[in-house]
Protein chains: 4
Amino acid sequence: MPLNVGLVGAGMIGADHARRIGTAVAGARVAAVTDIDPDRAAAVAASCGARTAASDREVVDAGDVDAVLVASWGPAHAESVLAAVAARKPVFCEKPLATTAEDCLKIIEAEQASGRRLVQVGFMRRYDTGYRALKRLVDGGDLGEPLMVHCVHRNAEVPESYHSAMAVQDTAVHEIDAVRWLLDDEITSAQVLFPKRTRNRFDHLRDPQVMLFETASGARVDVEVFVNCRYGYDIRCEVVGETGTAELPPPAEPAVRSAARLSTAVVQDWKDRFADAYDTEIREWTAAAAEGTASGPSSWDGYAAAVVTDAAVRSQQTGDVVPTGIGRRPDFYA
Amino acid sequence: MPLNVGLVGAGMIGADHARRIGTAVAGARVAAVTDIDPDRAAAVAASCGARTAASDREVVDAGDVDAVLVASWGPAHAESVLAAVAARKPVFCEKPLATTAEDCLKIIEAEQASGRRLVQVGFMRRYDTGYRALKRLVDGGDLGEPLMVHCVHRNAEVPESYHSAMAVQDTAVHEIDAVRWLLDDEITSAQVLFPKRTRNRFDHLRDPQVMLFETASGARVDVEVFVNCRYGYDIRCEVVGETGTAELPPPAEPAVRSAARLSTAVVQDWKDRFADAYDTEIREWTAAAAEGTASGPSSWDGYAAAVVTDAAVRSQQTGDVVPTGIGRRPDFYA
Amino acid sequence: MPLNVGLVGAGMIGADHARRIGTAVAGARVAAVTDIDPDRAAAVAASCGARTAASDREVVDAGDVDAVLVASWGPAHAESVLAAVAARKPVFCEKPLATTAEDCLKIIEAEQASGRRLVQVGFMRRYDTGYRALKRLVDGGDLGEPLMVHCVHRNAEVPESYHSAMAVQDTAVHEIDAVRWLLDDEITSAQVLFPKRTRNRFDHLRDPQVMLFETASGARVDVEVFVNCRYGYDIRCEVVGETGTAELPPPAEPAVRSAARLSTAVVQDWKDRFADAYDTEIREWTAAAAEGTASGPSSWDGYAAAVVTDAAVRSQQTGDVVPTGIGRRPDFYA
Amino acid sequence: MPLNVGLVGAGMIGADHARRIGTAVAGARVAAVTDIDPDRAAAVAASCGARTAASDREVVDAGDVDAVLVASWGPAHAESVLAAVAARKPVFCEKPLATTAEDCLKIIEAEQASGRRLVQVGFMRRYDTGYRALKRLVDGGDLGEPLMVHCVHRNAEVPESYHSAMAVQDTAVHEIDAVRWLLDDEITSAQVLFPKRTRNRFDHLRDPQVMLFETASGARVDVEVFVNCRYGYDIRCEVVGETGTAELPPPAEPAVRSAARLSTAVVQDWKDRFADAYDTEIREWTAAAAEGTASGPSSWDGYAAAVVTDAAVRSQQTGDVVPTGIGRRPDFYA
């Protein structure tokens, strides 16, 4: 019996997950697809032999849908996730879990009330081979207690619709989750600094930005976000411990010697950079969902990302160090 | 309708493919399993919800088996493959395709008589991300015409049952296929040199060995085989062209700074090194098999590997440069 | 006629420069040596065939001393340098040029009054092959306008006498000069953050520290200082421009594969790391001194380092962003 | 008292050594210069304050010449070296020591008769920081007994006067010496293979070439020589031991990220690649010469290079494995 997945949202990322389930994941199939654009839903449904549904509610409630994958636009996430939790169906939700911390808390409460973990949030970096190796090194203790983390998040370019707050909400949010996970620590304050702007920018956009975070244990995290760096998609992360350091490896690419240079290609697209991580993410999600539950990034992680991004966006406006006000993680999510 | 796979051989690699089909491949299931050891067959069958069968012939002929995966020991390969071809069922065969060039030729004839490609040989390196990037670079022309290839194939250690000819047949055979594929060229002669032996060896084993190949176009290939190198599993390949060179990337591992060294882990196991390649290999095989055909390394490639390894083994005995005597590739395999 | 050098200060660094002049610099010799410890002066003088002198003043005024090398302790620098300038003799001064910005200004005034550059300050990184290559890349324009610089300065360990302000004055001062030089820009503010302390520390020492600088053009600079990192001496510098980035290369060390690791040695000692830079520095100094003048890091650079380190030390105490108050560089130093 | 050096040969390399002695070597000066082209001798002499001399004999015999540096063309080396040895003056000789093994033996006999080492041959790689680190690793024993050495020697291009035998005599001769020194072992046979030629060549030139050597202890050495590789000057050397391997580090160059590539510059010129090695070589030579003797590569090393290159050139003609016939090293050179 394959796991029947209901897909809410058939945009780029939803379609990509449908393709993934149809090629690289065993024991699952897409049963139903919905989207605010019915044509888009129909196209994706056709590509994977699924039927269309009129709404997220119809997908969630369908008798032949065992688990729900939410890939709609952010403001719609909370409602779909809450519906799935209410139906006691495992649900995978692309980030953000919700666009407000309040909505995240509602999901946390509903999930706890259900008595079991049902929600997995789409922080795919936790499934990347390199990040996992880094996590093992940090956990293994050979680096000693982590004191600092240096991160870089660069994109070749962004479209004009990208605005300054998205540098936090869409971009640095990945580092925010990754660092919390790597250090098993909460971020307690955020600050954003603005270096000289690149002239290869839109007038409305501050780019690059330097973000500074402090954790509950006192570790310091800096994240350079530079989304019009021109040369490619470049993700770096170095954990500095008391006795050693470890760095996320760059993607493996052939070394070429020609024209007086020794060089490797720089990945251009985040989908290529994390293609294997996405595969593993959905594979692990369907495996847990087949057991009626969830693993990996939780509603609490979605909530933590929300309060940290809120603080960083406030700092973009005020220039201040802004406390995140994050509370204690419920034992349910330990 | 999933593709129903019949598994012939339930040893380590067969069991691994069964697990792979059950987790990382969509649209396929293992339907029947056979092995000379019925307990082993039963264990693997149970792990993937398949039934057992009494023989390879029973597997091949089963009405609910759409495609055959041969992972038995080498001397049994040819018979199973010929049976599958006779039944006009797509068949994946772990290397070697057959233990004699004559048997390879029989398969080639039978496959051509069937009118379509049915056989894929398990040279998994062609599915490795790094090798594929290297292939694109060679084909792209930026390196110019390839003149030389330098290869290294090292294992941390081998068991006592490993003997000197296996350095060719089990070890260098991967480089033999990879170089033929990278250069789209045939190997016309082989020679094996014996450096000073490592003392970390068995008395019966010549280790390391240096193998020299020449191709039809005149390119020179050297392969260092060192199967008791102690430090890990290390695969290298550099293509040297008229205007540039390209090297297979090593696996991406975190860089660690501690104890006065900057270091990365060396992979210890070939199954880890090529885990993704195996996944892709079986995924592409099942996709082609679902269409009733095969892609990737062909019977011709299996035959070419056989004649080149035969020549190299003869050179181990005589010290001479031994012609492979390979003929012209039939257009069927173009 | 060799250049006769008068050495003021025969401690570790002074002795090292004497040895350097005696082996790796053509056309110069040490003629006279003084030190507050006469035995130390005598030992170094004997090692290089020089005579001893009773005081820095005696060295500066000696008829057979053409140029002065000041390697005494910091608080004595200004007086020796001013004496040399008054005597119109070229003078090399180890950093700091003076321990107060006021004394730096006095030197600047005296030097300008003399009508020609006479002072070179010992910021040896400007002579390092890697930094010079980085400088050429920045100046060449291929990276575009520099927007950010990320620096790391780690030592394996420091002695107990090392205190928190020295992280700025003795350690980050090298990055302060290097960044000003690389960007041809002045640092206008400084801030120091304190991450969780390493427990491998002395109670009196804040370690590590994160320093943030802003330049006149708006570029942002971060410097991690971690002087008890345990694993070695590690200097990193990445310049991020509008269209590309460039990183200081690590020292070239053989790659070793053994015991399941691929590794290179990490340099342990700053004297080894910058040995060639010191040689080049003194070679270029003696060449300019033979012409009666100076090149390289100037009194202005010594002054700028003083005001920036003053601001950073103040920030260590207050936590605030502290303006450096640096003025306009006199045309004399353009 | 500086060491007075007499320079025989004022071509590119002679002029370079004169410049080196005038800038980067302490305690030495060029006193006299001779060249078959008197204008060239005069120009170099003028650049370093030396006088000219009419012949190598006049240089060697001059009362104010303490040591002789031979940088004339190869066929003239032996006579100058023998004259210096006869005069019991230390002599540095650029490679080759002599153009025939017989002349090398004459020098060895004369030097032994003199009772002390007087001759240093210009194999500058032994002074390269990277090679020295590699040598320490081999000698330190952590790699175990060396079994194989893989070398690459590539030049961007060579002039038309370069012919096939020079691939051995001028190019691989550096690897021949370096490997003998690294392994402390003699080369007992040589063979040269010809891959497909690059079309970026002259008709008269076989390029690339693959050279195979065996040592007295049974180690195998392969050297790829490719002198029109287009992309730059590239020297590689990997020593493979029983328990580990070590590789010569490439030159340290900044890593640049731009235009979708992560790259470093490839050195174009051998003089740049080994600039520091040349400095150290001449510094160590003058230090030993000031003591009336020599260190580093000896006449025996010059002789060994001659017999190995002779064997390799013969193999170029016959295709055979050619024994070098090298005898036992006299204890004098132990």
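Only a predicted model underlies this, so the values are computations on that prediction, with no experimental measurement involved.

1. Remarks on the interface of chain C and chain A
Reports of interface size often rely on the accessible area that becomes lost once the parts have come together.
Line of reasoning, step 1. The interface of chain C with chain A comprises 36 residues on the first partner and 36 residues on the second.
Line of reasoning, step 2. Summed over both sides, the interface between chain C and chain A buries roughly 2800 Å², with carbon and sulfur atoms accounting for 53% of that surface.
Line of reasoning, step 3. Three residues, Lys196, Arg220 and Glu242 of chain C, lead the burial of chain C against chain A; their summed loss comes to 24% of the area buried on that side.
Line of reasoning, step 4. Glutamate 247 of chain C is the salt-bridge partner of arginine 236 of chain A, the closest N and O atoms lying 3.6 Å from each other.
Line of reasoning, step 5. Joining chain C to chain A, the criterion identifies 18 residue pairs in polar contact (both at pLDDT 80 or more).
Line of reasoning, step 6. Going through the elements one at a time, strand 7 (146–154), strand 9 (209–215), strand 10 (220–226), strand 11 (234–241) and strand 12 (244–247) of chain C are the ones with two or more residues in the side of chain C that touches chain A.
Line of reasoning, step 7. It is strand 7 of chain C that provides the largest number of residues to the side of chain C that touches chain A, a total of five residues.
Line of reasoning, step 8. Of the residues that constitute the side of chain C that touches chain A, the class distribution is 14 nonpolar, ten polar and twelve charged.

2. Regarding the relation of the copies chain B and chain D
Line of reasoning, step 1. Superposing chain B onto chain D requires a rotation of 180 degrees together with a translation of 0.0 Å along the rotation axis, leaving an RMSD of 0.0 Å. A rotation of that kind, with that shift, is consistent with a two-fold axis.
Line of reasoning, step 2. Both copies present the same face, since 100% of the interface residues in chain B are matched by interface residues at the equivalent positions in chain D.

3. Quick look at the UniProt feature "domain: Gfo/Idh/MocA-like oxidoreductase N-terminal" (unreviewed entry) in chain A
Line of reasoning, step 1. Residues annotated in UniProt with the feature "domain: Gfo/Idh/MocA-like oxidoreductase N-terminal" (unreviewed entry) correspond here to residues 3–123 of chain A.
Line of reasoning, step 2. Helix makes up 43% of residues 3–123 of chain A and strand 21%, whereas the separation of the span's terminal C-alpha atoms amounts to 22 Å.

4. Some words on the side chain of threonine 171 of chain D
Residues and elements named next belong to chain D.
Line of reasoning, step 1. With respect to the helices, strands and loops of the structure, threonine 171 is situated in helix 7 (residues 166–183).
Line of reasoning, step 2. By relative accessible area, threonine 171 is classed as buried at 4%.
Line of reasoning, step 3. Among the polar contacts made by the side chain of threonine 171, one reaches the side chain of tyrosine 162 at a distance of 2.5 Å.

5. Topic: the interface of chain B and chain D
Line of reasoning, step 1. Each partner contributes to the interface: chain B provides 36 residues, whereas chain D provides 36 residues.
Line of reasoning, step 2. Around 2800 Å² of area is buried between chain B and chain D when both sides are counted, 53% of it from carbon and sulfur atoms.
Line of reasoning, step 3. Looking only at chain B, the three residues that lose the most surface to chain D are Lys196, Arg220 and Glu242 of chain B, adding up to 24% of its buried area.
Line of reasoning, step 4. At the junction of chain B with chain D, the criterion picks out ten salt bridges.
Line of reasoning, step 5. At the boundary of chain B with chain D, the tally comes to 18 residue pairs in polar contact (both at pLDDT 80 or more).
Line of reasoning, step 6. Secondary structure elements with two or more residues in the side of chain B that touches chain D: strand 7 (146–154), strand 9 (209–215), strand 10 (220–226), strand 11 (234–241) and strand 12 (244–247) of chain B.
Line of reasoning, step 7. Here the side of chain B that touches chain D gets five residues from one element, more than from any other, and that element is strand 7 of chain B.
Line of reasoning, step 8. When its residues are assigned to classes, the side of chain B that touches chain D shows 14 nonpolar, ten polar and twelve charged.

6. Description of the relation of the copies chain C and chain A
Line of reasoning, step 1. The two copies are related by a screw operation: chain C maps onto chain A through 180 degrees of rotation and 0.0 Å of translation along the axis, at an RMSD of 0.0 Å.
Line of reasoning, step 2. The overlap is high: 100% of the interface residues of chain C also sit at the interface in chain A, so the same surface is used on both sides.

7. Details of the packing of aromatic side chains
Line of reasoning, step 1. Evaluation of the coordinates by the stated rule reveals 20 aromatic pairs over all chains.
Line of reasoning, step 2. Seen from their ring centres, tryptophan 300 of chain A and tyrosine 303 of chain A are 5.2 Å apart, and the 45 degrees between their planes marks the pair as tilted. Of this pair, tryptophan 300 of chain A and tyrosine 303 of chain A both sit in helix 10 (residues 299–318), three residues apart, which is roughly one turn of that helix.
Line of reasoning, step 3. Assessed through its relative accessible area of 9%, tyrosine 303 of chain A is described here as buried.
Line of reasoning, step 4. Ring geometry for phenylalanine 92 of chain B and tryptophan 285 of chain B: centres 5.8 Å apart, planes at 55 degrees, overall tilted. Of this pair, phenylalanine 92 of chain B sits in strand 5 (residues 91–93) while tryptophan 285 of chain B sits in helix 9 (residues 275–290), and the two are 193 residues apart along the sequence.
Line of reasoning, step 5. A relative accessible area of 0% places tryptophan 285 of chain B in the buried class.

8. Considering the pattern of salt bridges
Line of reasoning, step 1. Under the definition given, this model contains 120 salt bridges over all chains.
Line of reasoning, step 2. The residue lysine 271 of chain C makes a salt bridge to aspartate 269 of chain C at a minimum N-O spacing of 3.6 Å.
Line of reasoning, step 3. Its relative accessible area of 25% is what places lysine 271 of chain C among the partly exposed residues.
Line of reasoning, step 4. The closest approach of N and O atoms between aspartate 184 of chain D and arginine 329 of chain D, which form a salt bridge, is 3.9 Å. Pair noted here: aspartate 184 of chain D is in the loop between helix 7 and strand 8 (187–193) and arginine 329 of chain D is in the segment after strand 15 (322–323), with a separation of 145 residues, a long-range link.
Line of reasoning, step 5. According to the relative accessible area criterion, arginine 329 of chain D is partly exposed, its value standing at 32%.
Line of reasoning, step 6. The structure contains a network of salt bridges with shared partners spanning Arg154, Glu224, Asp234 and Arg236 of chain A, Glu238 and Glu247 of chain C together with Arg257 of chain D.

9. Digging into helix 2 (residues 38–47) of chain B
All names here are of chain B.
Line of reasoning, step 1. Turning to helix 2, its buried residues are Ala41, Val44 and Ala45. Relative to the axis of helix 2, the buried residues are bounded by an arc of 100 degrees and lie together on one face. Away from its buried face by more than 90 degrees, helix 2 exposes Asp39, Ala46 and Ser47.
Line of reasoning, step 2. Of the surrounding secondary structure, the elements contacted by the buried residues of helix 2 are strand 1 (3–8), helix 1 (12–23), strand 2 (28–34) and strand 3 (51–52).
Line of reasoning, step 3. The backbone nitrogen of aspartate 39 has a side-chain oxygen 3.0 Å away, supplied by the residue at the start of helix 2, namely aspartate 37.

10. Quick notes on the sheet that holds strand 2 (residues 28–34) of chain A
Residues and elements named next belong to chain A.
Line of reasoning, step 1. Across the sheet, six strands lie side by side as 3-2-1-4-5-6; this open sheet has parallel pairing. At either end of the open sheet lies a strand with only one pairing partner, and these are strand 3 (51–52) and strand 6 (119–121).
Line of reasoning, step 2. Two elements, strand 5 (residues 91–93) and strand 6, share three bridges in a ladder whose sense is parallel. The residue bridging valine 91 from the neighbouring strand is valine 119, located in strand 6.

11. Observations concerning the domain arrangement of chain A
Residue and element names in this part refer to chain A.
Line of reasoning, step 1. By domain assignment, chain A separates into domain 1 (3–125 + 276–304) and domain 2 (132–268).
Line of reasoning, step 2. A separation of 27 Å is found between the C-alpha centroids of domain 1 and domain 2.
Line of reasoning, step 3. The interface of domain 1 with domain 2 comprises nine residues on the first partner and twelve residues on the second.
Line of reasoning, step 4. Three residues, Lys95, Phe123 and Arg125, lead the burial of domain 1 against domain 2; their summed loss comes to 64% of the area buried on that side.

12. Some details on the sheet that holds strand 3 (residues 51–52) of chain D
Residues and elements named next belong to chain D.
Line of reasoning, step 1. Taken in spatial order, the six strands line up as 3-2-1-4-5-6 in an open sheet, and their pairing is parallel. Among the strands making up the open sheet, the edge pair consists of strand 3 and strand 6 (119–121).
Line of reasoning, step 2. The pairing of strand 1 (residues 3–8) with strand 2 (residues 28–34) spans six bridges and is parallel. Across the sheet, residue asparagine 4 finds its bridge partner in strand 2, namely arginine 29.
Line of reasoning, step 3. Contacts from helix 4 (residues 74–86) reach strand 1, strand 4 (67–70), strand 5 (91–93) and strand 6, with the element oriented near 165 degrees to strand 5.
Line of reasoning, step 4. Sheet strands touched by helix 9 (residues 275–290): strand 1, strand 2, strand 4, strand 5 and strand 6. Its angle to strand 4, the strand with the most contacts, is close to 150 degrees.

Cut-offs used in this document
- Residues numbered from 1 in each chain as written.
- Chains lettered and ligands numbered in written order.
- Predicted model: local features only at pLDDT ≥ 70, side-chain atom pairs only at ≥ 80, totals over all residues.
- Heavy atoms only, no water.
- Contact = heavy atoms within 4.5 Å.
- Buried area = accessible area lost by both parts, 1.4 Å probe.
- Salt bridge = Lys/Arg side-chain N within 4 Å of Asp/Glu carboxyl O.
- Polar contact = N/O pair within 3.5 Å; in protein donor to acceptor, adjacent residues only side chain to side chain.
- Helix = DSSP H or I, 4+ residues; strand = E, 2+ residues; numbered from the N terminus.
- Nonpolar A, V, L, I, M, F, W, Y, C, P; charged D, E, K, R; others polar.
- Least-squares fit on C-alpha atoms with pLDDT ≥ 70 in both.
- UniProt positions renumbered as here; feature names shortened; annotations may be inferred.
- Buried < 20%, exposed > 50% of the residue type's maximum accessible area, 1.4 Å probe, protein only.
- Phe/Tyr/Trp six-rings, centres within 6.5 Å; stacked < 30°, edge-to-face > 60°.
- Arc of directions from axis to C-beta.
- Pairing = 2+ DSSP bridges.
- Domains from an automatic or database assignment.
- Axes fitted to C-alpha atoms, helices over the stretch in contact; angles between N-to-C directions.

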